[in-house]
Amino acid sequence: MSDKPKVGLYWCASCGGCEESVVDLAEDILAVVDAVDIVFWPVAMDFKKSDIEAMPDASIFATLVNGAVRTSEQEEMARLLRRKSQVLIAYGSCAHSGGIPALANLYEKERILQYVYHDASTVDNTEGVRPQAKHSENGFAVTLPRFRATVRSLGQVVDVDYTIPGCPPTPRLLKEALFALLGGARPPKGTVLAPDTALCDECPRRDSKPVDLHFDAFGRPHTTLVRDDTCFLAAAVPCMGPATRGGCEALCPSGNMPCTGCFGPTSRVLDQGAKMMSSLASNIGAEEPEAIRSVLDTIPDPLGTFYRYGLATSLLRRVHNSQTDSPQS
Ligand code: SF4
Ligand code: SF4
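Notes on the structure in this doc start here. Not measured: the values here are computed from a predicted model.

Reading the values: rules and limits
Within every chain, residues take consecutive numbers counted from 1 along the sequence as written. Lettering for chains starts from A, numbering for ligands starts from 1, and both go in the order in which the items are written. Side-chain atom pairs in this predicted model are given and counted only at pLDDT of 80 or more, local residue features only at pLDDT of at least 70, and totals for whole chains, interfaces and linings cover all residues. Hydrogens are left out, water is left out, and the side-chain values use all remaining heavy atoms of the structure. The rule for a residue being near a molecule or strand is that one of its heavy atoms must lie within 4 Å of it. Gly is placed with the polar residues, together with every amino acid not listed as nonpolar (Ala, Val, Leu, Ile, Met, Phe, Trp, Tyr, Cys and Pro) or charged (Asp, Glu, Lys and Arg). Centres within 6.5 Å are what make two rings of Phe, Tyr or Trp a pair, Trp counting through its six-membered ring; a difference in plane orientation under 30 degrees is then read as stacked, over 60 as edge-to-face, and the rest as tilted. Type-normalised accessible area, obtained with a 1.4 Å probe on protein chains alone, sets the label of each residue: buried when under 20%, exposed when over 50%, and partly exposed for intermediate values. Buried residues of nine kinds, namely Ala, Val, Leu, Ile, Met, Phe, Trp, Tyr and Cys, make up a nonpolar core once their side-chain atoms join them within 4.5 Å. Here, two residues are considered to be in contact whenever any of their heavy atoms come within 4.5 Å of each other. For the purposes of this entry, the term helix denotes a DSSP run of H or I that reaches at least four residues, the term strand denotes a run of E that reaches at least two, and both are numbered from the N terminus.

**Digging into the site of ligand 2**
Move 1: Every residue lining ligand 2 is accounted for by C200, C203, R205, R206, K209, C231, F232, L233, C239, G241 and P242.
Move 2: Residues that form the shell around ligand 2 fall into these classes: seven nonpolar, one polar and three charged.

Set out below in structure tokens:
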């Protein structure tokens, strides 16, 4: 085995986009492979959990974990990789703040299982079968990971050293972060490895961002024509840029879509969704409660708009949950 630093990559509750973003390094991946030994990357190569268990503790230089934590297996892998790694990095929005999987925290576990295995129109399950955590057949036992009651970020399960934000992170951010760490740079623990400035600062539309906002109704990207040199807020289309950390190269506003907030908040923002909601709500042009409500009604999915990536780590965290996790759950 070479003496190059060892690097691991793992996914939990993830769509695969973060794994894809590693491949998006294109030819730069050759420089990465040259600098490190990849000792664990199950999505790309045949590694087993036992390979990691056999390694001494802290023998992996850095592990990037993407995806949120929903199952007992993901918890177990997060704890194992924490133990084996000197540096554990939450890679992407889902590991950072729960991401899109954490929108499932709007529903209780039982309701999700009921819908997925029984009620969805695409389901044909006349016998009402549900996967069980333990099943025996012909003397053989089969086990499945347990489905937890709440989706959590990686940092809500284990100690995380750094975060590379984004849905997914850009190849540039990944490359810069990896080579900075390999070069001996160790920012303070807990650092989010992206600029601590709002996205608006790097947005090509920033010169048209209004100083005074006034909303009589909100528009949506597919119903409102916004010129490519105009701030979305000037056209009354909610854009999360003012409450969101920069570093993504303003890919969405450059592609004629408002920012949806995947880089999470800057260090000065306690709750990204609350900040954006209070900023928009304080500029509504109506006075009477009924009139205010009809302006707000033009945002059909407030939670999905303002907490699309950060519900798990927000002040709200989840809807009231009467189901809690037990060893059997
Ligand atoms: S952060 Fe985005 S790209 Fe990465 S796993 Fe989550 S949803 Fe997919
Ligand atoms: S379009 Fe969005 S990100 Fe760009 S300046 Fe306006 S509010 Fe900020």
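Moving on from the model shown.
**Some words on the packing of aromatic side chains**
Move 1: In total, this model carries three aromatic pairs according to the counting rule given.
Move 2: Ring geometry for F40 versus F47: centroids 6.2 Å apart, planes at 55°, classification tilted. Side by side, F40 and F47 carry an identical accessibility label, which is buried.
Move 3: Seen in terms of ring centroids, F215 and F218 are 4.8 Å apart; in terms of plane orientation they differ by 40°. Their pairing is tilted. The residues F215 and F218 share a single accessibility class, namely buried.

**Considerations on the nonpolar core**
Move 1: Core analysis: the largest hydrophobic core is formed by 71 residues, its most contacted members being F40, L64, L81, I89, L154, I164 and L174.
Move 2: L174 has contacts with V22, L25, L64, Y91 and I164, leaving out every residue within four places of it along the chain.
Move 3: Counting residues in each nonpolar core, the second largest holds eight residues, with A68, C94, A104 and V151 among its members.

**Quick look at the site of ligand 1**
Move 1: Taken together, S14, C15, G17, C18, G92, S93, C94, G166, C167 and P168 are the residues near ligand 1.
Move 2: Mapped by element, the contributors of at least two residues to the shell around ligand 1 are α1 (17-23) and α5 (93-97).
Move 3: Looking at side-chain class alone, the shell around ligand 1 contains five nonpolar, five polar and no charged residues.

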